[in-house]
Amino acid sequence: MRTILGPLLLASLLAAPAAAQERPDAAALFPGDTIAYAEVDAGALARGLPELQLVKMLSDERLQAFFKPTLDTMGLDAADVAGSLLRKSTVREWLAGKAALGIRGLAVTIVEPDGKRKVLRVSPDRPFDAETATQLFGALARLEMGAGLSGRFALDLMAVVEPGPKLKEAVRAFLAQPNLPLGQEKVTVGGREVLHLTLRPDDAAFALFTMPFIGNGIYADLSGDRWIVASDKETMASALQGGPRGALAGSPGFAKARARLTGGHALAFAYVDAAALVRTVKPCIPPIVFDLCERNGIAAIEGAGAGISISEGGVRESFGVMLDGRLRGAWTLLEALPGGMRSLEVSPPGALAVVGFKFDGTKLRERVGAVLKDLALVTKDEEVSAMLRQAARGALDLEKDILPAFGDEAALFVFPPQMGPVPQAVLGIDLRDEAAFRKLLVQAQQAAAAGGVARFAPLDLGEGIEAVQVFAPLPMSLCFAVHKKHFFAASSPELLKQVLLEWGSGGAKSLRADDEVFRSTLKGLNGESVDNLAALGYVNLRAAVPQVVALLPMLGTQLPPGWIDRTQVPDFNRLAKHLTGAAVGLRVDGDGVTLDAFSPAGLILPGTTWAVYEEQRRMAEWRARQAQVILVEADTPTTGIRTRSLQGDHVRIDALQEDGAASRAGSGPGARVVAIHGGTGGGNGELDQHGMDKEVSRRAPGDEVTLTIRRGEETIEIVLRLEAGDR
């Protein structure tokens, strides 16, 4: 026994210093009641970027040669795209690792005429109570009465930064400025010497900008490779000593949000603690408000967050609302989105795309009725039924005829084409009442046949399977069958028979368990979670690339010559093996609602950025068109009139060619164009910019137009000829 205990004791003593020196996560330094928290991690970017599917794809020498003009223009090394991207962006020069910011509340500093200061802090552990309100409102009243006191407010915040060399140099240079309106002194906090920065508001603009961040002063430890900055001395001391006992990293709500919204290499994460925010203002809110929030479900919200990660070679974006695990109020409607898509377990591998969702219409009807009654909007179920009948406004009763027929899942599966360019497809719908659904189906067939939309004929698939063939002007064949409480529609009889006889049979492979691309995509999307998956959209990019390769010659002719080298076209089918898939999913359970997106380059943020950019570009083009319209006079082709909108209501002449007919007629800058061809188009009886542009755009270069121009009390008409550039 002694021979065993000796080495164990020695090993534990040797391991203790290493464990003690292990750096805690940034979130472990923040108080557990931090209201808002956000972090970015340049280290995760450096680690994750080489793992991206697109970066690995660029390791192909032929593809490097194909895109060499573009890479050269961007200044990227084709042999080390990830490294050159990082070097070019200089991210690591400014930020070596994580940067985190947390906000706990507000701090209001009241400065008395004799210079004495009183700091009123509002945070989850120091809520805005009657004492704080009295002090604050009293100070405001004295300020209005000219008592000579002053005040300032600031955020109660803390930041943890792992700086790069450029950030260190920039902060060092900033603090070394001779006329900087900041007081600087060394003080001891938590047993360590730190810098105390205080605001000297000699520079009003500087004070206005920095007041929310500096306020009564901030403490900064700018030594070493991890900086800590805090506005509260106690918070600073706790962080310098390794973090508080109840740190944010150990907070159940925070930990749940982080685990739910990030995975792999977490690039960015943000979280707002709704419960902490409520605790901050709770003394100000009447109890009846809390009762109402409990009744309608608002009290179930713990917080909200977002995360961006590099996972499984792609970019994952997640946005979610965190709940406390007990659905109530309006949140009970989530019970109609049960999660757990069974169709993924029975469909075969190799799908090109999948769109599916879980939705229980009958349960939604029940929960909607319960919520409406709980909110006293209705008093009995019959009123809800009447509302549904009024909404349907048809021969079918939504509550009695439609909802009972359907189950809680529907999914569309698309498979690569067997012959020709059109893919194969299967639509599956779960049924609750097969007889009721058959009745609906017969009615739909009769309506379609009567309207001449489609014809239907019996289809014998063998083995006792009855199906229906649809004859309609569609790009693919269509047939369907009702089988074992399921409705299936397929693009060919062979595929329909395969679905009915083979899907879900014993020993058959499935998309969920045996499709490598799907599993990798799902893992990147949400950690391979299916149990709470209520909706899913998925595309197999590896299989889709061969389907679009045929478009590349056409695409190549549209690309500018400077982007690609057309003599180095790579084998895109081989390159597709580096790709997996793209997906969007919705997770729903008692812990919250989460929207996830995954693709090789991201979906939501790039899409939003592109949409914003396009809208700005469109608006810029529109403003450019509105800003200048050149009109050339018929008898003097070189004479121009430049017009612009005046406060969006009129068109005013901005400039005239000297010695032109309009100038000789007495017109000039400042005159208004009130009509074109006698029409005004303006709501106030005068031509507006939109009306003028509309008239000009309807004509061809060389056409003549008649303008009615008013200057003061005088009105004249001139005939002008349009230039080629006018439109």
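Residues numbered from 1 in each chain as written. Predicted model: local features only at pLDDT ≥ 70, side-chain atom pairs only at ≥ 80, totals over all residues. Heavy atoms only, no water.

From N to C terminus, the protein chain includes 28 helices and 27 strands. Considering the protein chain as a whole, with its 727 residues, one finds that 42% of them fall into the buried category. Of the contacts formed within the protein chain by residues at least 6 apart in sequence, a portion of 64% connects residues at least 24 apart. Summed over its atoms, the accessible surface of the protein chain is roughly 38,000 Å², and 59% of this surface lies on carbon and sulfur atoms. (Helix = DSSP H or I, 4+ residues; strand = E, 2+ residues; numbered from the N terminus. Buried < 20%, exposed > 50% of the residue type's maximum accessible area, 1.4 Å probe, protein only. Contact = heavy atoms within 4.5 Å. Areas by Shrake-Rupley, 256 points an atom, 1.4 Å probe, with all protein chains shown as cover.)

Two faces belong to every sheet, and in a regular strand the side chains alternate between them. Here strand β17 (residues 478-482) lies mainly inside the structure; four of its five residues are buried. For strand β16 (residues 466-471) and β17, the ladder comprises three bridges, and the chain directions are antiparallel. By the bridge assignment for β17, Gln469 is matched with Cys479. Once β16 ends, the chain turns through six residues before running back antiparallel as β17. Here β17 runs beside strand β18 (residues 486-490); their pairing, made up of four bridges, is antiparallel. (Pairing = 2+ DSSP bridges.)

Turning to the packing of aromatic side chains, a few remarks are in order. The way to describe two aromatic rings as a pair is by their centre distance and the angle between their planes. If you walk through the whole model with that rule in mind, you get eleven aromatic pairs. Ring centres of Phe254 and Tyr271 lie 6.0 Å apart, and the angle between their planes is 80 degrees; this geometry places the pair in the edge-to-face category. A residue pair is termed long-range when its members are at least 10 positions apart, and Phe254 in helix α12 (residues 252-261) and Tyr271 in strand β9 (residues 265-273) qualify at 17 residues. In this pair, the class of Phe254 matches that of Tyr271, namely buried. Consider the rings of Phe413 and Trp503, whose centres lie 5.5 Å apart with planes at 85 degrees: the pair is edge-to-face. In this pair, Phe413 sits in strand β13 (residues 406-415) while Trp503 sits in the loop between α20 (493-502) and α21 (511-514), placing the two residues 90 residues apart along the sequence. An aromatic cluster of at least three residues, connected via ring pairs, comprises Phe30, Tyr37, Phe254, Phe269 and Tyr271. The ring of Phe290 carries the charged tip of Lys282 above its face, separated from the ring centre by 5.7 Å. When the ring centre of Phe471 is taken as reference, the NZ or CZ atom of Arg455 above it lies at 4.9 Å. (Phe/Tyr/Trp six-rings, centres within 6.5 Å; stacked < 30°, edge-to-face > 60°. Lys NZ or Arg CZ within 6 Å of the ring centre and 35° of its normal.)

Inspection of the entire model under this criterion finds 34 salt bridges. Taking the shortest distance from any N to any O, the salt bridge between Arg126 and Asp232 comes out at 4.0 Å. Here Arg126 is found in the loop between β3 (117-122) and α8 (130-144), whereas its partner Asp232 is found in the loop between β8 (227-230) and α11 (233-240), with 106 residues between them in sequence. Among the residues examined, Arg126 registers a relative accessible area of 29% and is labelled partly exposed. (Salt bridge = Lys/Arg side-chain N within 4 Å of Asp/Glu carboxyl O.)

The backbone of Glu312 sits at a positive phi, close to 50 degrees, despite the residue not being glycine. Relative to the helices and strands, Glu312 resides in the loop between β10 (301-311) and β11 (314-323). On the basis of relative accessible area, Glu312 is assigned to the partly exposed category, the value being 34%.

A cluster of nonpolar side chains, contributed by Phe137, Leu140 and Leu143, occupies part of the molecular surface with about 300 Å² of accessible area. You can call Leu140 partly exposed: its relative accessible area is 44%. (Patch = residues over 30% accessible without salt bridge, like charges linked within 9 Å, V, L, I, M, F, W, Y side chains within 5 Å.)

In this section: the pairing of strand β20 (residues 581-589). As paired elements, strand β19 (residues 533-540) and β20 share seven bridges and run antiparallel to each other. For Ala535, the partnering residue across the bridge sits in β20 and is Leu586. Bridging between β20 and strand β21 (residues 592-599) involves seven bridges; their strand directions are antiparallel. Counted as the bridge partner of Val584 is Ala597 from β21.

Moving on, we get to the nonpolar core. Leu344, Phe413, Val426, Leu496 and Leu536 are the most contacted members of the largest nonpolar core, which totals 32 residues. At the level of secondary structure, the elements contributing two or more residues to this core comprise β13, β17, β18, α20, α22 (516-526) and β19. Apart from residues lying up to four places away in sequence, Phe413 is in contact with Ser343, Leu344, Ser347, Ala353, Val354, Gln424, Ala425, Val426, Trp503 and Leu511. Listed in part, the 24 residues of the second largest apolar core include Met158, Met236, Phe269 and Met322. (Core = buried A, V, L, I, M, F, W, Y, C linked by side-chain atoms within 4.5 Å.)

Below, the discussion takes up the confidence of the model for the protein chain. Within the protein chain, residue pLDDT values average 79, and 76% of them lie at 70 or more. This model gives residues 202-211 a pLDDT under 50, and the stretch forms 14 contacts once residues within four places in sequence are excluded. Confidence over residues 681-685 falls short of pLDDT 50; this stretch has six contacts with residues more than four positions distant or in other chains. (pLDDT = per-residue confidence, 0-100.)

What follows deals with the side chain of Gln445. Its location among the elements puts Gln445 in helix α19 (residues 434-450). Apart from the residues within four sequence positions on either side, Gln445 is in contact with Phe456, Val468 and Phe480.

Glancing now at the environment of Pro404. Structurally, Pro404 is set in the loop between α18 (398-402) and β13. Sequence separation between Pro404 and Ala436 is 32 residues; the distance between their C-alpha atoms is 7.5 Å.

Looking now at the environment of Asp596. Along the chain, Asp596 falls in strand β21. Residues Asp596 and Leu536, 60 residues apart in the sequence, show an inter-C-alpha distance of 9.5 Å.

Mapping Asp430 onto the fold places it in strand β14 (residues 424-431). On the basis of relative accessibility, which here comes to 11%, the residue Asp430 falls in the buried class. At 2.4 Å, the side chain of Asp430 forms a polar contact with the side chain of Arg342. There is a polar contact of 2.9 Å between the side chain of Asp430 and the side chain of His486. Other than its neighbours up to four places away in sequence, Asp430 contacts Arg342, Phe406, Gly407, Asp408, Glu409, Lys485 and His486. (Polar contact = N/O pair within 3.5 Å; in protein donor to acceptor, adjacent residues only side chain to side chain.)

With that settled, the discussion passes to α11. Judged by how many residues are buried, α11 sits mostly within the fold: six of eight residues are covered. Listed in full, the buried residues belonging to α11 are Thr235, Met236, Ala237, Ser238, Ala239 and Leu240. Capping of α11 at its N-terminal end is provided by Asp232; its side-chain oxygen lies 3.3 Å from the backbone amide nitrogen of Glu234. Immediately beyond the C-terminal end of α11, within one or two residues, lies Gly242, with a positive phi of roughly 105 degrees.

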